[in-house]
Amino acid sequence: MPERTIDFGKYGARGAKGHELVARKLDSYVTYIATPITTDRGLAARLHYLTRTAHALAAARAAGLSATDRTINAWLEEERRPSKKNLAAIEDAYRTVRRDNVARYLLARLNREGRGTRVEFHPLNQSQVNRPLQRVLGFRTLNVRNWDRIVEAWAAGDDRALDDAWIDKIVDLGSQWGQYEYVTSIGFAA
């Protein structure tokens, strides 16, 4: 696919890869704990979320939380405070577990029992491109019916798999799909 190796932005076009915008959009549907982890309340909320069940704790350990049960209990009881490295590990594990938990809900919402979700593609911003080099790109829509691979790759945080899954979907745009690999924005409602 030669379109995937184009030197994007060479003439001044601005935009982002479609799969990155899809990941941002999916992230916007995940409500995280608003209180910062640096506060006692924020830390306690994240630790409770990660330790409320055996399944949640196992997922947190799989996501990189390597502290012992004794240490986690000391943090919960506020006997000790985690180091900056452990705070980062707790935040990463929390976001990973939360994303994984929300993925099932998003998948059902996006697939809509086989009806899919309409996706809007807003073309590149070519205002900085010289006039003779500008392409004619219009607003496009596409109904994406099967979001399984996209949501699975997003939940796993696998950027490469998300890119491949997204490209497989936009090929349905026909011969112009390569022109919508980079876009200004992507819109859909979950």
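Up top is the structure.
Every chain begins its residue count from 1, and numbering advances along the sequence as written. Selection of residues for local features in this predicted model requires a pLDDT of at least 70, selection of side-chain atom pairs for listing and counting requires 80 or more, and totals for whole chains, interfaces and linings are taken over all residues. Only hydrogens and water are set aside; all other atoms, that is, all heavy atoms of the structure, feed into the side-chain values.

Enquirer: Can you tell me about the pattern of salt bridges, naming the residues and giving the values?
Expert: A carboxyl oxygen of Asp or Glu within 4 Å of a side-chain nitrogen of Lys or Arg is what we treat as a salt bridge. Taken as a whole and assessed by the stated rule, the structure comprises eight salt bridges. Arg61 is the partner of Asp69 in a salt bridge, and the nearest nitrogen-oxygen pair spans 2.5 Å. Connected through salt bridges with shared partners, the residues Arg46, Glu91 and Arg95 form a single ionic network.

Enquirer: Give a detailed account of the layout of surface pockets, specifying residues and quantitative values.
Expert: Counted as a void, the second largest pocket has a volume near 170 Å³. Each cavity reported here is a set of points on a 1 Å grid over the protein atoms alone in which a 1.4 Å probe fits but cannot get out, each pocket an open set with protein on both sides within 12 Å along at least five of seven lines, and each lining residue one with an atom within 4 Å of a point. Every residue along the wall of the second largest pocket is listed here: Ala59, Ala62, Arg95, Thr96, Val97, Arg99, Asp100, Glu152, Ala155, Ala156 and Gly157. Among the elements of the structure, helix 3 (54–62), helix 5 (84–111) and helix 6 (148–156) are those that each provide at least two residues to the lining of the second largest pocket. In this text, helices come from DSSP runs of H or I with a minimum length of four residues, and strands from runs of E with a minimum of two, each type numbered from the N-terminal end. Element by element, the count of residues in the lining of the second largest pocket is highest for helix 5, at five residues. When residue character is reported, Ala, Val, Leu, Ile, Met, Phe, Trp, Tyr, Cys and Pro are called nonpolar, Asp, Glu, Lys and Arg charged, and the others, Gly included, polar. Split into classes, the residues belonging to the lining of the second largest pocket amount to five nonpolar, two polar and four charged. Grid points are joined across faces, edges and corners, and a volume is the space filled by probe spheres set on the points.

Enquirer: Could you give me a rundown of helix 2 (residues 40–51), with the residues and numbers involved?
Expert: A rise of 1.5 Å per residue sets the reference length of helix 2, with its 12 residues, at 16 Å; its end C-alpha atoms lie 16 Å apart and thus fit the reference within 8%. Every buried residue of helix 2 is listed here: Gly42, Leu43, Arg46, Leu47, Tyr49 and Leu50. The arc that holds every buried residue of helix 2, seen down its axis, measures 160°, which confines them to one face. Check the buried side of helix 2 and you find it contacts helix 3, helix 4 (69–76) and helix 5. Between the first and last residue of a helix there are one fewer steps than residues, each counted as 1.5 Å, and that sum is the expected span. For every residue, the accessible area obtained with a 1.4 Å probe (protein chains only) is divided by the maximum for its type, and the residue is called buried under 20%, exposed over 50%, and partly exposed between those limits. In this context, the arc is that of the directions from the helix axis out to the C-beta atoms. Residue contacts are defined here by distance: any two heavy atoms, one from each residue, within 4.5 Å place the two residues in contact.

Enquirer: How would you sum up the side chain of Glu181? Please name residues and give values.
Expert: Looking at the secondary structure, you find Glu181 in the loop between helix 7 (159–170) and strand 4 (182–183). In protein, a polar contact means a hydrogen-donor-capable atom and an acceptor-capable atom, both N or O and within 3.5 Å, with residues adjacent in sequence counting only if both atoms are side-chain atoms; elsewhere, any N or O pair within 3.5 Å suffices. Looking at Glu181, its side chain comes within polar contact range of the side chain of Lys17, at 2.9 Å.

Enquirer: Give a description of the sheet that holds strand 2 (residues 117–122) that names residues and reports values.
Expert: Paired through their backbone hydrogen bonds, the strands of a sheet run either parallel or antiparallel. The antiparallel open sheet is built from three strands, whose spatial order is 3-2-5. The strands lining the two open edges of the sheet, one partner per strand, are strand 3 (140–144) and strand 5 (185–187). Direction aside, neighbouring strands of the sheet carry axes that sit 25° apart on average. A pair of strands is considered paired only if DSSP assigns at least 2 bridges between the two. To obtain each axis, a line is fitted to C-alpha atoms, and for helices this fit is confined to the stretch in contact; angles are then taken between N-to-C directions over 0 to 180 degrees.

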